[in-house]
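# A look at the structure
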Amino acid sequence: MILAEKLSTLEMRSQLIKNKAKELGFLSCGIAKAEFLEQEAPRLEAWLKNNYHGDMSYMENNFDMRLDPRLLVDGAKTVISLAYNYYQPIDRNPDSYKIAMYAQGEDYHFVVKEKVRDLLHYIQEEIGNVNGRAFTDSAPILEHAWAQKAGIGWIGKNSLLLSKQKGSFFFLAELIVDLEMSYDNAIETDHCGNCTRCIDACPTEAILPNKTVNGSQCISYFTIELKGEIPTEMKGKFDDWIFGCDICQEVCPWNRFSLPTQEKKFIGHEKINNFSKTDWEEITEEVFKEMFRKSPVKRTKFTGLKRNIDFLKK
């Protein structure tokens, strides 16, 4: 009887949180037990050993923390994984360069993280003294692994999280708390089957077998993370992308189910997709600062964006 009451309480907690997450605009919410990700440890170790992170040296830090959320939050018992939709149909000028869909509007780090914090505050108000931290691509967390464990989706061949109902155009976020809950079942089935569209479409051959991406060969890496010069052997392989890349998502059959986001802050600046290549090539730092004032694109800075444009036009 006591066990049944406890289970009922845990289930009610979980449902309460999922209902609030939906109210806050999250696409999905899944809940997993905070524990060491034993299966991910050798994969992460091999990925780093093969130098697939390139110049992203920060990926080498906090190895244990990436695998165990209990090192991030004292007494952590639960990882709440959340997905937030950013899909929007884009009508691009055909004579233009391309910016990834996720970077069309305001920086998701701020937009989504604020909502995760709102969820934490709600939990504290409704349940009591709960210690927790909100994360949105802002800490050493294996987001895709936790989202799969929480039943939100499975990890596709392009290493992104996929959902049969919602595709992959969504941000992931986490809330790690010291509160016990009822946990969801992980999605164990790989619904990609024999499909290799993302592998076949990647112009830099960054997508490898066994759901591994060589990050140091990805267009997003070259246009965002790499601080030096882009290797000349990449010439002609960028398909006009100057910040990020959506190719592997655009060809994914599951993204035919993606629905436009209701988040107005993610709607892009009107100039972004109306610019011609000449407009981009002649962009000034003043215009850059105005267009990308709250955008993820400012991460690459004006000099970085100019480098990317110059690499494509030469």
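Residues numbered from 1 in each chain as written. Predicted model: local features only at pLDDT ≥ 70, side-chain atom pairs only at ≥ 80, totals over all residues. Heavy atoms only, no water.

Under the convention used in this document: UniProt positions are given in the numbering used here, feature names are shortened, and annotations may be inferred rather than shown by experiment.
Where an unreviewed UniProt entry is consulted, the protein appears under the name Epoxyqueuosine reductase, with the organism given as Weeksella virosa. In the Subunit (unreviewed entry) part of its UniProt record, the protein is described as follows: "Monomer." UniProt's Sequence similarities (unreviewed entry) comment on the protein is quoted here verbatim: "Belongs to the QueG family."

### Let's talk about the nonpolar core
Here is the rule: Side-chain atoms within 4.5 Å are what join buried Ala, Val, Leu, Ile, Met, Phe, Trp, Tyr and Cys residues into a set we call a nonpolar core. Only protein chains enter the accessibility calculation, which uses a 1.4 Å probe. A residue is then buried if its area is under 20% of the maximum for its type, exposed if over 50%, and partly exposed in between. Only DSSP runs of H or I reaching four residues or more are called helices, and only runs of E reaching two or more are called strands; each is numbered from the N terminus. Any two residues having at least one pair of non-hydrogen atoms within 4.5 Å are treated as being in contact.
Among the nonpolar cores identified, the biggest contains 48 residues, and I80 and W280 are the most heavily contacted of them. Contributions of two or more residues to this core are made by helix 1 (2–23), strand 1 (28–33), strand 2 (78–85), helix 4 (108–127), strand 7 (170–177), strand 10 (241–243), helix 11 (285–291) and helix 12 (301–313). By residue number, the principal contributor to this core is helix 4, which donates 7 residues. Contacts of I80, omitting those with residues within four sequence positions, involve I17, C29, G30, I31, I123, A173, E174, L175, V177 and M181.

### Quick look at the pattern of salt bridges
The line we're drawing: Any carboxyl oxygen of Asp or Glu that lies within 4 Å of a side-chain nitrogen of Lys or Arg is treated as forming a salt bridge with it.
Taken as a whole, this structure holds 11 salt bridges when the rule is applied. We note a salt bridge from K18 to D184, for which the minimum N-O separation is 2.7 Å. Pair noted here: K18 is in helix 1 and D184 is in the loop between strand 7 and helix 6 (197–201), with a separation of 166 residues, a long-range link. Here K18 falls in the partly exposed class, since its relative accessible area comes to 22%. With a relative accessible area of 26%, D184 lands in the partly exposed category. K20 is the salt-bridge partner of E23, the closest N and O atoms lying 3.0 Å from each other. Here K20 and E23 lie together in helix 1, a separation of 3 residues that amounts to about one turn.

### Concerning the UniProt feature "binding site: [4Fe-4S] cluster 1" (unreviewed entry) in the protein
If you check UniProt for "binding site: [4Fe-4S] cluster 1" (unreviewed entry), the listed places come out as C192, C195, C198 and C252 in our numbering. These residues run over 61 residues, yet every pair of their C-alpha atoms falls within 10.3 Å of each other. By the secondary structure assignment, C198 is in helix 6. In contact with C198, other than residues within four places in its own chain, are K157, N158, I207, C248 and V251. Positionally, C252 belongs in the loop between helix 8 (247–250) and helix 9 (270–274). The buried category is assigned to C252, whose relative accessible area is 11%.

### A look at the sheet that holds strand 2
Note the cut-off: By the convention used here, strands pair only if DSSP detects at least 2 bridges between them. Whenever a helix is involved, its axis is fitted only over the stretch in contact; in every case the axis is a line through C-alpha atoms, and angles between N-to-C directions fall within 0 to 180 degrees.
Taken together, the 4 strands give an open sheet; going across it, the order is 1-2-7-4, and neighbouring strands pair in antiparallel fashion. Bordering the open sheet on either side are strand 1 and strand 4 (132–135), each of which pairs with just one other strand. Each strand of the sheet is rotated relative to its neighbour by a mean of 20 degrees, with strand direction disregarded. Two elements, strand 4 and strand 7, share 4 bridges in a ladder whose sense is antiparallel. The residue of strand 7 that forms the bridge with A134 is L175. Docked against the sheet, helix 4 engages strand 2, strand 4 and strand 7, running at close to 35 degrees with respect to strand 7.

### Brief notes about the pairing of strand 2
Among the 8 residues in strand 2, 8 count as buried, and that is most of the element. Side chains T78, I80, L82 and Y84 of strand 2 all project onto a buried face; the interleaved residues V79, S81, A83 and N85 project onto the opposite face, where all are buried too. Both strand 1 and strand 2 contribute to a ladder of 6 bridges, which runs antiparallel. The partner of C29 across the bridge, within strand 2, is L82. Of the pairings in the sheet, the one linking strand 2 to strand 7 comprises 8 bridges and is antiparallel in character. Looking at the pairing, S81 lines up with E174 of strand 7.

### Re the side chain of Q88
What counts, and what does not: Pairing of N or O atoms within 3.5 Å defines a polar contact, subject to two protein rules: one partner must be a possible hydrogen donor and the other a possible acceptor, and residues neighboring in sequence count only if both atoms are side-chain atoms.
Here Q88 lies in the loop between strand 2 and strand 3 (98–99). A polar atom in the side chain of Q88 sits 2.5 Å from the backbone oxygen of F266. Look past the residues within four positions of Q88 in its chain and what remains in contact with it is M101, Q104, F266, I267 and G268.

### Focus on the pairing of strand 7
Counted residue by residue, strand 7 has 8 buried out of 8 residues, so it is predominantly covered. Burial along strand 7 is two-sided: the residues F170, L172, E174 and I176 and F171, A173, L175 and V177 are all buried.

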